[in-house]
Structures are given as C-alpha cells and as structure tokens.
Amino acid sequence: MLPRVRGSSIKRSVRLRTEDKRNSTWLNCSAPICLKALLLFCCATVDGEESPTDGLFSNRILPVTDNYCLDCHDDNTTKGGLDLESFYDEAHTLANRAIWKKAYDMLDAEMMPPPKEDHLPSPTERAELLAAIEEYLAIPDPNLGQTNPGKPIVSRLNRLQYNNTVRDLFGLDHDVFILPDRLPTRRDPYYAEKGGMPDSMIVNIREFGSKYTVLLPFSGLPGENRVAHGFNNRGDAMNVSPLQLEKYVSIAGELVNYQNFMVESPRFLALLGLDVDALCGPDTGGTGGVLVESGQQFAARDNVPASAPDNDFSLTDFRQDLQAARTQGRAAVFDIPNPFQKELLFDSGAIIAVKYGSENERRFTINPTYGVSIIPYETAESTANGLCMVNSHGNEKYFDLVLAADANDPREEIRSLGLCVLGMNELSGYVTVTVTLSDHQRISRTAYVGDENTFFGFDIPEGSSSVKVTIDGQAYGGKYIAVGDIAIATSQGTVGRGNLSDPWITKNRLKPGWKDHSPRTRLGYFMNDAFRRKATEEEVDRFYSIYRNEKSRGASSADAMRVAVQSVLSSPQFLFRLEKDASRKDGPIRELSDMELANRLSYFLWASMPDRELFETANRETLSEPSAFEAQVRRMMRDPKIRELAETFAVQWLRLDQIYATKPDREVFKAFYRDRLEEDTLHDDYIIEAVLLFETIMVEDRSILELIDADYSWLNAFLLDVYELDDRQEGLLAAAPQHLKDTTGVTDRTRYHLWYRVPLTDKTRGGVMTMGGPLTLTSTPLETSPIKRGNWMLETIYNRPPPEPAMAFVLEEDENADASEPKTLREMFEMHRDNPSCYTCHNRIDPLGFALEAFDPIGRLREKDTKGAVVDASGIWNGKAYDSPVSFKSAIMERPENFVRGFIEHMLSYAIGRKLEYYDMATVCDIQQTLEQRGYRFSELILGIVKSDPFRKTLTESTPVSGSQPTHAKLAIPPSTSANMLRRDKEGGTPTKSAKAGVPALAGFRN
Amino acid sequence: MLKGAGVSLALPFLDIMKPLETLAATVPGAPASPKRVAFVYTPNGFWQPDFVPTTAGVGWKMPKSLMGLEHHRNDFSIVTGLDRKFAGGTSTHGQCCSCWLSSSPADEALDGGFPTNRTVDQFLASKLGENTMLPSLELSCVDFNDNKESRYYESVSWYGPGYAANTEKDPQLVFRRLFGKPDPQTSSVLDAVMDEAKALRGELGYNDRQKLEEYMQSVRATERRIELSKIAMAKRSKPPIPEPKGIPEDRSEYIKLMADLMFLSFQLDLTRVATLVVDPERWATPRMYHGVFDKPIEHHKLTHSKEEGSKEKLQKIDAFHVEQYAYMIEKLKQTQTEDGGSLFDETTLIMGSGISDGDKHDFADLQVLMAGGQIRRGEHIKFQGERPLADLWLTTLNRHGVEQQRFADSERLIPNIFV
C-alpha cells in the first residue's frame, strides 16, 4: 500500500530521546560547562592576557552546542565524523574553524539539529548562536594577525581564457577556434558602453553546435569540466598532463604557421617583420590577397541617387573632398577594378590591398571576416567596373569588412568613409551599415533601400587607424546584399598617435610598423603582452636565442620568429596565471602588485588579458589608488568584453550551459520544437532570456534582487507564446523601432529574433526561478523533477547545495497497492520525507521543488501534471505560506538576504577562481552589508568583490596557516596536530588511546 | 611506496622518466615478449540477473548478457564479489569511474573529498612502460560536446590524487599521436619552454611550483615521446593503417576503432598499458547504440527506471558492451606480436564497472571480466563476503613485476587468477 524506500544501507539511526535521556544529557553537560567557564577565566587571569576570542567560543557557542548537539557529536558517537568534544582548546579550535563554517551552514539551513528532533534550539537561541559563530569565524588568523586572504592564484588558462587571450594578444575580431560552449548568438551593438538597454532588439541566433567564423575552424582545445558546485575556472581542478601540453604546443604551432593569421592580425604580420604586400600576389602561398591601384573617382558611373538619411555629408561633398585629399596623397578608392575579372571568393583572411599615396607607398586594406564574393550581379547595377561585393553564403546578408587606413603604418587614420549599397531589382528593405571604431564605439546608419543604389557616408573621429564596417542587410529582400565602391580619406600619416620609440607600456600593443624594429625588440614587446607583465631582459634573451638558433639553422627571419612566438605561447608564463612572490616578502600576507591586480581584474570581468589602458595604469603603479582603481573597474564594465561575465559566469551560475543536453519529449512537448525539422528549439530562447536579464541588471546597474524578482522580462514571439502572454505581441511589435520590425521580406525566423523588454504586471514570470530555461533544465524528458528543481534552487539561488544523499533510493509503489488510491508524486515524496534520514535535506528541497510544480517540464504554467492529477504547488518557505508562483516569490523575498549572500559567494568564488573557505565569510558579510546600504546595485557587488582582501591580497610563500585544508570531516582533527594528543576522556580524565606518554596534559576546556 | 603519501607528493609519473640517452639506448633491446595490460571501463554497473553466472568454478551456464562471449568461453574468466568502499560526501556516480582503478579507501580522500589516487594502470606503466614511447595510453569514447559533469565522471586514470591523466577521444588525434611525424619545430619549442620553466621555478611560491612541476613533467614526457617516436618511425616505413577520419558515427565502430588503435600501439610496442573509458556515469544524456535501439537511450536513467521493459533495455546495453569486449578478444587473438606470437598471449584485457547494481548504487559485489593468455580462463571466480577489489589490482601489479605488499585497501593476493 505504501510507497517504501528501498535500499539496504539506510540506518534507522535517529534515536528518539526520552525525557530521561534528555535529563541525563543535561546533567552530563552542565557541570563541564561551568568548569570550562571557570577554567577559561583562570587561564585568562593567570596568563595575564585575554584570550583571543574573549570568551566568545566558550561562553556563546559551546553552551548551546553542548546542549543541543552533543548527543550525536560527542567523542563516542561522532556522527558525520564530527566530534564537538575535540574543541576544548582555544588554539586547536581556532585552527580548525573550517568545521564551524559547516556547522554554521547546517544550523542556518535548519538542517541541524535534525528538524524532527524534539529538543531544538529556539529561534532566538539559533540566531544568537549563528551570530556568535559568524563572529568567531571572522577572528583574524592567529598565525597571520589578520584574516587569511587565501593563496595566490595559480591556474592554467582555461579554454575560454586561452582563446580570449590569444584573440586580444593579436587583435583578432573573433574567436581563435570554435568554442562549443560559446553562446550561439550575435548581438551588435552591445549595450555595455551605452549604460542602458533598449526596449527591443534583434538577437541573431545560429544553430547550436554549428560552425561559426573563427581563425582556426578545424582546431581547438579540450574544455574544462566544471567542479562540483563551482565554475570551470577553478585552478585546483585544472592540471596539465602530457596530452594537454602537446595540445598547447600543437595549437600554437598551427596558429603561427597559418597563412590567414598574418592577414587577420597585422600585429603578427609586423612581429614577423613582414608587410602587407607580402600577402598579395601569386607568391603568397595561398592567402589569395590582391593588390590593386586606387580608383580615380568614387562611384564613377554616377548611378547613386539615394543616400542614407543620417549621413554626415552628401555624396557630392564626399567626392569633392576625396579629390582634394587625393592631391595630398591621402585618399583611396576601391572601385573593384580589373584583377577581379572572374568570380572571386574572399573568405576570411584573403586581403584586398589598395595602393595610394603620393608615391603609391600606402596600403588601404579591406579584409573580409565573413565570406564575400566579388562578382558581376545581374539584378544590381555596379557603381564602377561592373562588379560588386556580396555575401558568399546565400541568405546571410551580413558581412564585416575590416578597413585599415594604411596597413603598413598605424599612424595613418581614417578621417571619412563612404560606400555604396547596391539596390536590386524588385527588392527592398532596411539596410544598416555600422562602423566600429578602434575604441569599440559604433556609428550606425540605417536606410530604406529600394532598387536604387544608396550612399552611406561617415565622418570618422580621430584615433582610428582601422575600423570594422558591418553591412547588415538581413531585413532586405532576397538572399544577397551587395556593395559597390568603398573609399576613404585619411589623416596623412604624421598626425596619428603612434610614436614608435615609446617604451612598451605606452605602446604595449605591437602594431603594424613595428616591423622596422629589430627582431629582439619586436619579440620583447610581444612578450610583455603575452606574459601580461613586463618581461625581463633575461626572459627576452632566452626566447630571442630560439630565434637566433633557428636562423643559424637556415630558417628565414619570419620562420625563426614563428618558432619563437610558438615557444612563448607554449611557455608556462603564458599558459598559467602565476602570481609570483616577487619583491615584497615582508610578512605573511602581501598586497598584490598593480600588475597582478590588473590581471585579476581582467580575467574576472573579461575572461581575458588586460587591455592597453589597464596595463598602462598598472605600469604607472597607480591602479591600486582607490579612485583610479574604481575608475578602471567602471570603465571595464562598460567595455563590450564585459559580456563574458554574462555569457560565462551567469550561464554557468544558472547551469544553463547544460540546457542543450535536455531533450523534452518531441511528441508530448511539441511546443518546444518550433519547426518541422525540429532543429529550432526553445533551448536558445531560454538561454537568451536569462542572459538578457543578467545583462540588463549589469549594464543598467540595477538591483541584483531583480535576478530573482523582476517586473520585466526579455521575450520574443516564441516565449510570449509559451508564457501565454501572446496577446501583447501586436502592441509590442507596434512599439518596436521601425528598422527592427519592418516586415518587408522578413521571414518568420527574423521576426522571432526580435526581443522585447516586456513589463510584467503579474509576477508569475520575472526573475530566473520561473524562467523556462531552469525549469526545463531540471526536468526529465517527460516529467518534472521536484528534487532536481529543489536542488537547483538550493544550489543556484542560495549556494547551499544539499549534501549528496547517503545512498540511492527509488520511490517505489508497493506491488500490492490499491489501484483505486493512486498516490500523487507529492504524496510519495511526503512518505519519503517521513524517513528521518531523508527529512533533514528534503525538508529544504521539497518545498522549493513543489512550489515549481506549477510549471511543466518545458516551463509552461499548468494546472494538472502529466498524469492528469491536479498540481499542488503549495507550501511554506521562510515561514510564509504560498500556493502559486506569485506567492512563492513573495515567500522567497521575505528573506532576500539569503539569496544575496549566495550570489556574492558564487561571484567571489568565480572572481578568485577558488573554493571559498570559512575565512572568506567575513568578506562575504562585509560585501552584503554594503550592498544592503546601496540598493543591491550590481556595480557595488563588483566593486565590493574587487576591493576585498581575498581579491587584493594573498598569502606569501609557505606561510603557515590554519584550516586551509579542504573541508572534510576527517580533517577536523588532523592526526598530526599535537592538540589531538591531549584529548581526555570525558569521564575519567585519563588520556585516550591517541594520547602519547610523556606529553604533559594542558588545561583543556573539557577537563 | 608512493601510495597514500599525500597531495604534496612529487608527481609520481616522474620516476619513469629516465634520461633520454639511456632510454634511446635501451629501446632496441627491449625484452622479447613484453606483457601488456588494458582496462576497459563501462558505466552504470551491469543488470545483475543477466550478467552474473549462477554457479562458480568451471562449466557454468553463460548468462544472457555474456552470450556474445560464447565463442570465447575459454578465453576469459569472470570475477565476481569484489568490493570497493564508498567514500561519503562526494557524488556516488562520480566515484564509480574515478575510483575504479584507484580503489582508494574512503579515508584517503586527498582530492577535495574524492578518494582519487594513483591508479593501478599508472603503477603498471611505471614498470611496463619504462621504455615505450608512451608509458601509458588513455583513451575514451565519451564524445559529448558539453562538459556537463565534473571531471571525476570521465577520468579513470590518475597520476596521483587530484591529478587526472587526460583522455584522447578523437581516433584521428590518437593516430597522430601514435604515428604522426614529429614536427621539427616542436623539439625547439620544448627546449625553450623547459629552459623557461627551470628559470621560473626559483621565483615561485610553493603552490605555483607544484603546478610548474606538473608542467615540466609534461614537457619531459612529450620530449620523451617525440624522441622515441623517431626511433619507432625509423623501424617502419609508414603508418600501419590509414589515418582515421575523426569519430565514427556508429557507436560500435567508434569503440572498435579505439580498441584497434590501442592494440596497434601494443603490437608495435609503443605502449604496454592502456585504459579505455567507453562511457561515464553521465546523467540525462541520451546515447545512440546503433543496431540495438532505434533511438538514443539514456543508460543511467534506465538503471533506476521501473518502467516496463527497462531492464530488458539495460540488459541489451550490457550485451552490447560485452560484444565489444568479444571483438577485442578476437582482435587480440588475430594480432601477431613483433616476434610472431599472438598478442592475446601477452595481454591482459580487463573490463568492468565501478558499480554492480546501477539502481542500488552498490559499490560491493563488482564484476570484472578478465581475458588473455596470462589469465586462468573459463572460470567464474566468485568471492563471498567482503573482499576488496584492490586485491585484484594488487595481484595484477605483482604479476607484472610491480612488487608491492599493498595497494589501496588491499588485504592479500588472489592466488587463482593468473596461470
């Protein structure tokens, strides 16, 4: 009849204490307590100095724990490996505080004492005990004289960090290799720098697992596994094996020998001592670059009647300016001339170089990063020589061109830029041309293009020697978007910012033009970047000797440099983040140097190396000045690279990196599969929804409480449908900006890429807990799983994951069960929970899991479960009853501090790449206090973390510290500690078996 | 004895790193018929009623899941009833794979609560792999793209506590590592980074030095591999088989291809110790077993499922894995060693799981299949009561010249396993 718990090893071990037993326990305990207090008093007076804890432990902690905990955790029973009686000695206890952090968490979660015991502390007693333990854990480490900030960061770059570091080191625009875990979205512009998110935006999605534009499409590195309850950037979980090392050496080899790398990275080209012309012509070894003469006039056929509405100048003015600039040798026109006689494909890497300048010495380069073709196009009218440039892959209607004013001279800057988008017969739609400047600033022009050629013109502010031009014709009809003439006017070399003789740090990026320096100098500049600090002369010599060796063996200068660069990229100083204990060796704790701090900041916020400005600030040793520090952090948060915090930290925090592994049943949950091919699923939409909420809070510096309780959400047509909010769709569409919603030639697919920031009046949605992603993630293909959902809540929202179950159990209905009385899932769980061993955890898991039963396995609201039974989503949390997602959210928000604490811990752990220890609790409490005072603003959280001791300081070499071992029950009493030898038997005072003869017994608390 | 000496222990695979000159000198004169050992790991235990023979000794009735081995009845033995102790506090599933070959007792949890430790294959590698190009070869057929679970789920081979040997999953990359022509550039790079690491060592704190030590040993191991691969290449004109083109779609083909590569490396004496993780105890990840089911199926979930037919499906997965094992035995028998004997005679091929009944998460009563010329074959060696799995590993070690008194929580040698 009843469901029963199956499994052989459940011990029915929770004793029910009788009144007598309790009395005797009390009698046993009370005397030692008095004695202890007395002894402590005596010690203090005899020694003439105060105990470091000022009686905190013996007066405010021990009496309570002795009263409520000793029955199971005395030195006889030691349940869970915990013997509270071993904590009788001040020094010993202080040295083993890790176990008290565990005790704190158990008490705080009301998992201990076991909630089914009848002898439980009152809420006041519990609160006082928690406060006392918290205070006790915050006591500075007696060996250090202050709170332990943790060990230095020692970690290998993980796959993402490696990719990003190489990308930034060489100034690439995209990933080095395919990252399978890279979110399949493309969003331009990124809103971090604007400080605000719009009300609607287009988010393009590529199919998960499909290839995307990278430098090395067929290479990669193995990814890291995340640690249990943590992130995949944890140093302790990343080792280097011979296999791993071979992969590093090999991918560095591929990189330096890859032809396209030279094209895509002018820095690398310069590092090799080569220039652009070497990449063009028949002898380039396959890069397919083409060197052409500049055209005489822009759009010579005079067939460009239309102009984008926001152009900085008219076509006529632009042509006049170009003529004037040409006489000064500072104008270049690419009019798709002769060499392009036949159809040519320019995939990423093949470069177009246009000769210009008074002596034809300059090189205007056009480098497509997506595939483009140069072809005669029938339905479009060329602006000059009968050819045009279109996207190679049909339907993409999107490509990037990186334009460099002079690929051989970084001082040359682009001043103005014009190009023609070609209209095609019988097609029309909006086309957006976006120019991204060197500092990531973007200038966009959108024009409604009919069948006429349309001119786009841009003034380019000072400071951009190269720009990226993105042609986005996704809203235009047909399969292709075509471009005709492209022209620039430049700054005439001398006024550019580059000064080639600057020391490395004011010019830490190796730029085109460096090729004129000696190989050793070039290598040195590069190593400064690669090592993320100033490389020493000896280090440069060491790697330069590789260059010389290769040369002496007959290698060309470029090839010799390739080996040297490969070596740098395979060296420990590149592959590891090391915090060397350099100059300051005084004391057990040191402040991190500015350069180390810069590295910690950039790998935390960007998952990449510091940029030039951060390097410069650190090199001037001004980074650690409070105002400069905060300014840098705020600047970094406005940089587009901050997206890594959302796409890596937030996605892993929510476990959404696992969502693609979930496969809701295709028959039962058709709504999850949006098209007949079943390739378009809600996986992407669910990830984007969560990421956009996180980004909004981050970009707009909103309260982190919105993560769990927001009155808006980002939704697209699919999600409006799934969430049954589709009645709003028309209204939302009407409010979206014209260029986003235009439907001429727009497929449904495009329309579904339009996301709205939807205000929510009803709080069923809003916040990550009730988003489809986490709800789907925590379900099986056919059923919801209250356990998975409860676990997810405890782990993600509270950072208090329940311990692993002592054994596996399976809910099993009795074979003789009366079929007329089917048990609901919930009833079966309640039976299970009645088992005291299970109750402790399920008392916390189940209320959270069952509250979310209001949602089906793909996150839709429901009233009946998959078996047709009415869903009961009621319960009590934080002392507040709930019966719906809305009231559940209110119950959660009764104590938002528990979420805030968990979130701080998650992010701190990610920031410093290690597991948090008991000594970090004080930091978490401090940050939490500040956050409470400052409206939980996201920036305050980031600032709180980066200003904290664990982030700014580190232990120096081999400092003896206490309690830094992994938190493990057995380690509470390390066998080697002398304190352990002094344990005394409670009753007789005779030494236990672990005591050694000849060691004098000290006055212990428990005598 | 390295066992249990703690995390701070110098990384143990260093002690097989002889100076390269010595190594190069010794290789051609390697012993005539070296012994090889391969471990194959399958996940989620076995569906017990159809896997464990009902009678012990010889002449037992072949259980349903082992039918694929009928032709090889006299080529293998099944060992049952060995136990491993579960270490509380960490994931039950994560411990299956990561502790199968370490067999560490629960109180030896040096790796953040996980009882990972130097595994039996690595101990064997230190003896058998002294002179081979790769001291050991770690392979896996876990081709999932997402790293959903912690590394404990996928790592069967460990150099030391917390120090996993990574696996290679792509047959093409295995091939290149075994037979690829070393890039001349690589040696220069390795020299350079070794110099750099040496110079760096003095400047680092204790923790950094540990990481750097790992790095330097990896460099040495790679130098060693390259040096020895040159010698091996000098002995043959071209790779013995064509280069595989990535991971085969068909599950069985994938496993067989990895086994082929493993045995090829045995045959050419490029390595003598190998591990192959067929799959880990992954959650909620459907897997396609071609020719067995018509759609992807979730092994782990089946172990706990009460649905009708789930046990039959479980049995079919077991039978599928046993068929791959049968293929491996056949392959070994058909492969000649360099001195003309059969590779089967020189190899011990071990397959098992870190758990017995996947439903109960039972770490006791494990089943191990053992095949090869060294094994007493055709037997069901059944243990009653508590007998540590570590005894089997201890026996395997001693048999292969790794003379040890203890391994993990071992008690004593098992006398009747090897001939």
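As the structure is a prediction and not an experimental result, all values here were calculated from the model.

Draft legend 1. The overall build of chain A, seen in detail. When helices and strands are counted, chain A shows 34 helices and 28 strands. Burial analysis of chain A (1007 residues in total) assigns 60% to the buried set. Of the contacts made within chain A by residues no fewer than 6 positions apart, 74% connect residues no fewer than 24 positions apart. Surface summary for chain A: the accessible area is close to 39300 Å², and the carbon and sulfur share equals 49%.

Draft legend 2. Region of the structure containing the overall build of chain B. If you tally the helices and strands in chain B, you get 11 helices and nine strands. Within chain B, the proportion of its 419 residues that are buried is 64%. Nonlocal contacts in chain B, meaning residues at least 24 apart in sequence, comprise 75% of its contacts between residues at least 6 apart. When the accessible surface of chain B is summed, it comes to about 14900 Å², and 50% of that surface belongs to carbon and sulfur atoms.

Draft legend 3. Focus on helix α5 (residues 184-201) of chain B. Taking 1.5 Å per residue, 18 residues should reach 26 Å; α5 of chain B reaches 27 Å between its end C-alpha atoms and fits that length. The residue sitting at the N-terminus of α5 of chain B and contributing the capping side-chain oxygen is D183 of chain B; that oxygen lies 3.0 Å from the backbone nitrogen of Q185 of chain B.

Draft legend 4. Structural detail: the sheet that holds strand β24 (residues 754-759) of chain A. All names here are of chain A. Pairing is antiparallel across the open sheet formed by three strands, whose spatial order is β4-β24-β23. With one partner strand each, in any of the chains shown, β4 (200-202) and β23 (712-715) form the two edges of the open sheet. Ignoring strand direction, the axes of neighbouring strands in this sheet form an average angle of 20 degrees. Sheet topology places β23 next to β24; four bridges connect them, and they run antiparallel. Its bridge partner lying in β24, W714 is registered against R757. Strands β4, β23 and β24 of the sheet are contacted by helix α20 (residues 682-699), whose axis makes an angle of about 135 degrees with β23.

Draft legend 5. Focus on the packing of aromatic side chains. Under the criterion given, the structure shown has 45 aromatic pairs over all chains. Centre to centre, the rings of F672 of chain A and Y673 of chain A are 5.4 Å apart; their planes meet at 65 degrees, and the pair counts as edge-to-face. A residue is classified by how much of its surface remains accessible, and F672 of chain A, at 0% relative accessible area, is buried. Taken together, a centroid distance of 5.5 Å and an interplanar angle of 85 degrees make the contact between W100 of chain B and W393 of chain B edge-to-face. Placement of the pair is W100 of chain B in the loop between α2 (92-98) and α3 (120-128) and W393 of chain B in helix α11 (residues 389-399), with a sequence separation of 293 residues. For the residue pair W100 of chain B and W393 of chain B, the accessibility class agrees, reading buried in each case. Members of the aromatic cluster, joined through ring pairs, are F231, F604, F649, W653, F694, F899, F903, Y910, F938 and F951 of chain A. We note R73 of chain B situated over the ring of W60 of chain B; from NZ or CZ to the ring centre the distance is 5.0 Å. Here K333 of chain B stacks its cationic end above the ring of F344 of chain B, 5.3 Å away from the centre of that ring.

Draft legend 6. Local environment of the sheet that holds strand β7 (residues 347-352) of chain B. Residues and elements named next belong to chain B. Across the sheet, which stays open at both edges, the seven strands sit in the order β3-β6-β1-β7-β8-β2-β9 with mixed pairing between neighbours. A single partner strand is all that each edge strand has here, and the edge strands are β3 (137-140) and β9 (380-382). Averaged over all adjacent pairs, the angle separating strand axes in this sheet is 15 degrees, with direction ignored. Where β3 and strand β6 (residues 273-277) come together, four bridges link them in parallel fashion. Paired with S140 across the bridge in β6 is V277.

Draft legend 7. Looking closely at the interface of chain B and chain A. Taken together, the 62 residues of chain B in the interface contact 63 residues of chain A. Each partner contributes to the roughly 5100 Å² buried at the junction of chain B and chain A, and carbon and sulfur atoms together form 55% of this total. Of all residues in chain B, E196, K211 and Y215 of chain B bury the most surface against chain A, accounting for 13% of the area lost on that side. Residue E196 of chain B pairs with R542 of chain A through a salt bridge whose shortest N-O separation is 2.8 Å. Our count for the chain B to chain A interface comes out at 14 residue pairs in polar contact (both at pLDDT 80 or more). Those elements giving two or more residues to the side of chain B that touches chain A turn out to be β5 (163-164), α4 (171-179), α5, α6 (206-235) and α8 (299-304) of chain B. Of the residues in the side of chain B that touches chain A, the class split is 22 nonpolar, 21 polar and 19 charged.

Draft legend 8. Seen up close, the pairing of β6 of chain B. For β6 of chain B, a buried count of five out of five residues is recorded, marking the element as mostly surrounded by other parts of the structure. Of the two faces of β6 of chain B, the one carrying V273, T275 and V277 of chain B and the one carrying A274 and L276 of chain B are both buried.

Draft legend 9. Layout of the pattern of salt bridges. Residue and element names in this part refer to chain A. Using the criterion set out here, one finds 62 salt bridges over all chains in the structure. Where D105 meets K101, a salt bridge forms, and the shortest distance between an N and an O atom there is 2.9 Å. With a gap of four residues between them, D105 and K101 both fall in helix α5 (residues 98-108), about one helical turn apart. Across the pair D701 and R937 runs a salt bridge whose closest N-O atoms are separated by 3.1 Å. Here R937 lies in the loop between α31 (921-933) and α32 (938-946) and D701 lies in the loop between α20 and β23, a separation of 236 residues in the sequence. Where salt bridges share partners, they join K101, D105, R800 and E905 into one cluster.

Draft legend 10. Representation of the packing of helix α16 (residues 594-605) of chain A against helix α18 (residues 626-638) of chain A in the model. All names here are of chain A. Packing of α16 against α18 leaves a shortest axis separation of 11 Å and a crossing angle of 25 degrees. Taken together, α16 and α18 sit at an angle that is classed as roughly parallel. The interaxial crossing formed by α16 with α18 has right-handed handedness. Contact residues: L597, L601, S602 and L605 in α16; F629, V633 and M636 in α18. Class assignment of the residues belonging to the contact of α16 with α18 gives a composition of six nonpolar, one polar and no charged.

Draft legend 11. Seen up close, the nonpolar core. Residue and element names in this part refer to chain A. Judged by nonpolar contacts, the single largest core of 197 residues is most densely connected at Y162, F170 and F604. The element contributing the most residues to this core is α20, with 12 residues. Two domains each put at least three residues into this core: domain 2 (287-490) and domain 3 (646-894). The contacts of F604, once residues within four sequence positions are left out, are L645, M907, Y910, A911, I942, I945, V946 and F951. If you look at the next biggest cluster of nonpolar residues, it comprises 62 residues, including V292, I352, V390 and A482.

Draft legend 12. Quick look at the confidence of the model for chain B. Residues and elements named next belong to chain B. For chain B, the mean per-residue pLDDT works out to 85, and 88% of the residues sit at or above 70. With pLDDT under 50 throughout, residues 1-16 is counted as low confidence; its partners more than four residues away or in other chains account for 48 contacts. Low pLDDT (under 50) marks residues 24-30, which in the prediction has eight contacts with non-local residues, meaning those over four places away or in another chain.

Draft legend 13. Here's a closer look at the packing of helix α30 (residues 896-912) of chain A against α31 of chain A. All names here are of chain A. Running from N to C, α30 and α31 cross one another at 125 degrees; their axes reach a closest spacing of 10 Å. When the interaxial angle is binned, α30 and α31 end up oblique. You can see that α30 and α31 cross each other, and the crossing is right-handed. Facing E897, V900, R901, I904, E905 and L908 of α30, the residues of α31 in contact are T923, V924, I927, Q928, L931 and E932. A per-class count over the contact of α30 with α31 returns six nonpolar, two polar and four charged.

Each value, and the rule that gives it
Residues numbered from 1 in each chain as written. Chains lettered and ligands numbered in written order. Predicted model: local features only at pLDDT ≥ 70, side-chain atom pairs only at ≥ 80, totals over all residues. Heavy atoms only, no water. Helix = DSSP H or I, 4+ residues; strand = E, 2+ residues; numbered from the N terminus. Buried < 20%, exposed > 50% of the residue type's maximum accessible area, 1.4 Å probe, protein only. Contact = heavy atoms within 4.5 Å. Areas by Shrake-Rupley, 256 points an atom, 1.4 Å probe, with all protein chains shown as cover. Expected span 1.5 Å × (residues − 1). Polar contact = N/O pair within 3.5 Å; in protein donor to acceptor, adjacent residues only side chain to side chain. Pairing = 2+ DSSP bridges. Axes fitted to C-alpha atoms, helices over the stretch in contact; angles between N-to-C directions. Phe/Tyr/Trp six-rings, centres within 6.5 Å; stacked < 30°, edge-to-face > 60°. Lys NZ or Arg CZ within 6 Å of the ring centre and 35° of its normal. Buried area = accessible area lost by both parts, 1.4 Å probe. Salt bridge = Lys/Arg side-chain N within 4 Å of Asp/Glu carboxyl O. Nonpolar A, V, L, I, M, F, W, Y, C, P; charged D, E, K, R; others polar. Parallel < 35°, antiparallel > 145°, perpendicular 65-115°, else oblique. Left-handed = near helix turned anticlockwise from the far one by under 90°. Core = buried A, V, L, I, M, F, W, Y, C linked by side-chain atoms within 4.5 Å. Domains from an automatic or database assignment. pLDDT = per-residue confidence, 0-100.

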